[in-house]
Structure formats: structure tokens, C-alpha cells
Amino acid sequence: MTLLLAGDIGGTKTILRLVDAGDLHTIAQETYPSGDFPDLVPLVQQFLLELHTPTPQKACFAIAGPVVDNTAKLTNLTWFLHTDRLKQELGIESMCLINDFAAVGYGIFGLSKQDLLTVQVGKHKQEAPIAIIGAGTGLGQGFMIKQGNYYQVFPSEGGHGDFAPRNELEFQLLKYLLDKHDIQRVSVERVVSGQGIVAIYQFLRDRQVYSESPEIAEIVRTWEKEAGQMEKSVDPGAAIGGAAVQGSDRLSVETLKLFVDIYGAEAGNLALKLLPYGGLYIAGGIAPKILPLLKNGNFLLNFSQKGRMRSILEDIPVHIILNQEVGLIGAALRAARL
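Cut-offs applied
- Residues numbered from 1 in each chain as written.
- Predicted model: local features only at pLDDT ≥ 70, side-chain atom pairs only at ≥ 80, totals over all residues.
- Heavy atoms only, no water.
- UniProt positions renumbered as here; feature names shortened; annotations may be inferred.
- Helix = DSSP H or I, 4+ residues; strand = E, 2+ residues; numbered from the N terminus.
- Buried < 20%, exposed > 50% of the residue type's maximum accessible area, 1.4 Å probe, protein only.
- Contact = heavy atoms within 4.5 Å.
- Domains from an automatic or database assignment.
- Buried area = accessible area lost by both parts, 1.4 Å probe.
- 1 Å grid on protein atoms, 1.4 Å probe; cavity = no way out; pocket = protein on both sides within 12 Å on 5 of 7 lines; lining within 4 Å.
- Points joined across faces, edges and corners; volume = space filled by probe spheres on them.
- Nonpolar A, V, L, I, M, F, W, Y, C, P; charged D, E, K, R; others polar.
- Polar contact = N/O pair within 3.5 Å; in protein donor to acceptor, adjacent residues only side chain to side chain.
- Pairing = 2+ DSSP bridges.
- Axes fitted to C-alpha atoms, helices over the stretch in contact; angles between N-to-C directions.
- Core = buried A, V, L, I, M, F, W, Y, C linked by side-chain atoms within 4.5 Å.
- Parallel < 35°, antiparallel > 145°, perpendicular 65-115°, else oblique.
- Left-handed = near helix turned anticlockwise from the far one by under 90°.

Considering the UniProt feature "binding site: ATP" (unreviewed entry) in the protein
Reasoning step 1: Under the present numbering, the feature "binding site: ATP" (unreviewed entry) in UniProt falls on G7, D8, I9, G10, G11 and T12.
Reasoning step 2: Relative to the helices and strands, G10 is located in the loop between β1 (3–9) and β2 (13–20).
Reasoning step 3: Using a relative accessible area of 14% as the deciding quantity, one classes G10 as buried.
Reasoning step 4: Leave out the neighbours within four places in its chain, and G10 touches S34, A64, L74 and L77.
Reasoning step 5: For T12, the location among the structural elements is in the loop between β1 and β2.
Reasoning step 6: With relative accessibility at 64%, the residue T12 sits in the exposed group.
Reasoning step 7: Not counting residues within four places of it along the chain, the set of residues in contact with T12 comprises Y32, P33, S34 and G35.

Below, the structure is given as C-alpha cells:
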């Protein structure tokens with residue numbers, strides 16, 4: 001039996017999955033605090049030792065950060081990873097490191113119908129590009145092009161493109177962020193991400209159009225006091241999103257409405273550049289948590305609101321990825337291709 005090792009490597013946690021290459025079913029999976037280990041090697045060794053399993057023949061690790069020339073340095077860790085060193089120290093024959101968002105791209109082909117929510121059927125074209133966008137800690141973007149029997153995944157840094165306001169409220173948000181942070185430009189990631197949800201909330205709060213609820217206000221104030229600390233005791237983005245879905249806080253509701261509008265517009269921008277009739281996939285940790293807000297029509301309205309290009313965007317299939325382990329699935333599929 002050929003064994004594959006797939007990993008999702010983040011600054012906070014590392015998830016390892018041992019997979020049977022024959023049918024790609026999961027043999028074992030464990031999650032470890034990344035900070036408890038000085039390097040990836042002892043972490044993998046512990047995982048395999050606990051399973052009493054032979055060394056896998058192939059491995060692919062999805063890294064939360066850029067991968068250049070088979071090397072990666074994680075943002076919040078001292079780990080410096082290189083495939084040659086990892087192969088030698090772990091005794092694994094074939095290995096690759098890929099960006100975590102590239103892993104999401106590969107993982108799309110391992111998803112079932114239950115793992116996806118289609119919000120726009122569109123007109124699917126088999127040979128067309130596929131686009132991915134995903135708001136979470138940041139804003140990932142990427143695309144896939146069919147090459148022979150496989151798709152080649154290309155991550156991008158599109159999330160660092162400029163935030164493009166379209167109306168008076170969004171122009172005010174842009175000016176607010178420029179002044180607040182004393183910066184020369186605002187990336188779309190600063191608005192469409194977990195930190196973006198908080199930024200929009202602060203903007204609407206400081207305009208004093210809507211009053212704060214005591215519960216959300218306390219969470220946001222705590223987060224603001226902890227600015228600069230590596231570890232935060234609260235997650236204001238999740239709290240604001242949850243209150244918006246429940247409809248329990250007017251300021252949170254308006255925050256997420258603006259967030260969804262801008263998210264949809266940026267997804268439409270990506271679609272215009274790629275014409276992904278193979279499908280545009282919404283990934284990231286935020287989408288599954290705010291599904292009712294993405295399904296109410298505002299996301300697609302802003303997605304397709306591109307003037308004369310509207311009919312083109314209405315033909316692009318749009319899917320939301322519900323399975324949060326899509327990156328691990330992608331790492332396993334990529335390992336199988338080594």
C-alpha cells in the first residue's frame with residue numbers, strides 16, 4: 001500500500017493526514033499546536049510514531065505563506081522549510097510545498113456535491129479557467145487552467161490589489177481607513193477579510209449612525225486593547241458576523257451588509273479578469289459562517305453589477321465551499337500527482 005502524507009501548516013496549528021494512495025481514503029488525522037515544535041520534522045515524526053506506520057512515500061504540505069523555490073518561511077513561526085532537507089530528515093521519497101490557497105484549488109476536485117453550495121448555476125464550460133477567492137484571515141485569490149488531463153493551480157496576490165469604492169459610503173470608508181492608519185493606499189484585503197469586518201464595524205460605529213450593543217462593544221474594545229499582541233483573547237469578526245446572521249445587533253447587520261457588498265464586487269472583478277466559466281469558487285473560513293447573508297441576493301447583485309458586462313457575469317457558475325478541510329484534500333491530491 002502506497003501512503004501519502006498531507007499537511008495543512010499554519011502559524012497556530014498544523015493538521016496532518018495519512019492517506020491511502022489507492023483510493024485516497026483517510027487512514028488517520030491529527031491536529032497539533034505548531035508553536036509546541038521547533039520545526040516540522042519532529043512534529044511529523046511524532047505523528048508517524050503514534051500511528052506505528054511505515055514512512056509515507058509521498059508528501060505535500062500546504063503552507064500559510066509564500067512558497068519560493070521549494071522553500072517557505074512561516075509568518076508566525078521560526079520554521080524555515082525546504083523540501084530537500086525535509087525529504088532527507090524524514091526519509092520521504094517525493095515531496096512538495098505549496099501555498100495554502102493553491103491547496104484549496106487542488107482540493108476542489110476532491111469535493112462532493114454536499115461540500116458545495118451553488119448560488120449561481122451559470123453556463124459551465126469544461127475547458128474554461130476556474131477562479132478561487134476566499135476571505136479569512138486575509139483575502140486569497142487564485143485560478144486554475146486545464147493542461148491535458150489535469151488543472152494547473154496558480155495562486156496570486158490579488159488580495160493586495162487596491163480597494164475600489166463604488167459609492168459615497170464606500171468612498172467614506174476608504175478615507176476613514178487612509179486617515180486612521182496614516183497610509184497611502186488601502187488594499188481590498190484590508191476590507192474583505194476577518195480584519196475587514198472589524199474595520200467596517202469601527203467605521204460605522206465612529207460615524208455614530210448606529211448604536212453599539214454592549215456585548216459586541218465589549219468584545220471589540222477588548223480586541224482593540226490587545227492590538228499588537230500575538231495572541232488575542234477574543235475574535236470580534238466572528239462575534240460581529242454571528243450577531244449579523246442572528247439579526248441581534250443593528251450595527252453588526254449593517255457591517256456585514258457592507259462587507260458582503262464589497263466581497264461580491266471584488267469577486268466580480270476577479271471574474272471579469274479571468275472569465276472563469278469553469279466556475280468561481282468562494283473559499284475561506286468566513287463564507288460558511290455567514291451563508292444566509294451570501295444567499296440573500298446582495299452578493300450576486302454586486303458580483304454582476306458591472307454595467308455592460310452584467311450578462312457575462314450572470315453566466316459564470318458561482319459555488320461556495322462548505323468543507324473547511326478542502327486544503328488538506330488538495331494537499332493529498334497534489335501528493336498523489338508527484
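Some points on the environment of L204
Reasoning step 1: Within the secondary structure, L204 is located in helix α5 (residues 194–206).
Reasoning step 2: Those residues within four positions of L204 in sequence are excluded, and the remaining contacts are L169, V209, L251, E254 and T255.

A short note on the domain arrangement of the protein
Reasoning step 1: Here the protein is described as being made up of domain 1 (3–105 + 326–336) and domain 2 (114–322).
Reasoning step 2: Between the C-alpha centres of domain 1 and domain 2 there is a distance of 29 Å.
Reasoning step 3: At the interface, seven residues of domain 1 touch 12 residues of domain 2.
Reasoning step 4: Taken together, both faces of the contact between domain 1 and domain 2 bury some 670 Å²; the carbon and sulfur share is 85%.
Reasoning step 5: It is F101, A102 and G105 in domain 1 that bury the most area against domain 2; as a group they hold 63% of the surface buried on that side.

Digging into the layout of surface pockets
Taking a probe equal in size to a water molecule and rolling it over the atoms shows the remaining empty space.
Reasoning step 1: Reported here for the second largest pocket is a volume of approximately 170 Å³.
Reasoning step 2: Contributing to the lining of the second largest pocket are L24, Y106, F109, N149, Y150, Y151, L333, A336 and R337.
Reasoning step 3: Elements supplying a minimum of two residues to the lining of the second largest pocket: β12 (150–156) and α12 (326–336).
Reasoning step 4: Residue composition of the lining of the second largest pocket, by class: seven nonpolar, one polar and one charged.
Reasoning step 5: Taken domain by domain, the lining of the second largest pocket gets at least three of its residues from each of domain 1 (3–105 + 326–336) and domain 2 (114–322).

Focus on the side chain of R17
Reasoning step 1: Looking at the element boundaries, R17 is found in strand β2.
Reasoning step 2: Polar side-chain contacts of R17 include one of 2.7 Å to the side chain of Q29.
Reasoning step 3: Beyond its immediate stretch of four places on either side in the chain, R17 contacts L4, L5, A6, T26, A28, Q29, F47, E325, L328 and I329.

Comments concerning the pairing of strand β4 (residues 58–63)
Reasoning step 1: Counting buried positions along β4 yields five of six residues, so the element is predominantly enclosed.
Reasoning step 2: Note: β1 against β4, six bridges, orientation parallel. Counted as the bridge partner of D8 is A62 from β4.
Reasoning step 3: One ladder, built from six bridges, connects β4 with strand β8 (residues 94–99); its direction is parallel. Residue pairing across strands places A62 opposite I98, the latter belonging to β8.

What to know about the sheet that holds strand β3 (residues 26–33)
Reasoning step 1: Here we have five strands laid out as an open sheet, ordered β3-β2-β1-β4-β8, and mixed in their pairing. Single-partner strands in this sheet number two, and they are β3 and β8. Adjacent strand axes in the sheet meet at a mean angle of 15°, parallel and antiparallel pairs treated alike.
Reasoning step 2: Sheet analysis places β2 next to β3, joined by seven bridges and oriented antiparallel. Bridging across to β3, R17 finds its partner in Q29.
Reasoning step 3: Here helix α1 (residues 40–51) sits on the sheet in contact with β1, β2, β3 and β4, set at roughly 135° to β3.

A short note on the nonpolar core
Reasoning step 1: Residues F259 and L280 are the most contacted members of the largest nonpolar core, which totals 52 residues.
Reasoning step 2: Top contributing element to this core by residue count: helix α8 (residues 250–274), with 10 residues.
Reasoning step 3: The residues touching F259, leaving out its near neighbours within four places in the chain, are A135, V191, V192, S193, I197, I200, I286 and I290.
Reasoning step 4: In this structure, A6, I98, Y281 and L333 belong to the second largest nonpolar core, which totals 30 residues.

A few points about α12
One full turn of an α-helix is made of 3.6 residues, so residues set three or four places apart face in the same direction.
Reasoning step 1: Of all 11 residues in α12, nine are buried, a share of seventy percent or more.
Reasoning step 2: Against β1, β2, β3, β4, α3 (100–107) and β14 (318–321) lie the buried residues of α12.

Looking at the packing of α5 against helix α7 (residues 236–246)
The packing of two helices is summarised by the inter-axis angle and the distance between the axes.
Reasoning step 1: For the pair α5 and α7, the least separation of the axes is 8 Å and the interaxial angle reads 70°. It follows that α5 is roughly perpendicular to α7 by the angle criterion. The hand of the α5/α7 crossing is left-handed. Only P236, G237 and I240 of α7 make contact with α5, whose side of the interface consists of G194, I197, V198 and Y201.

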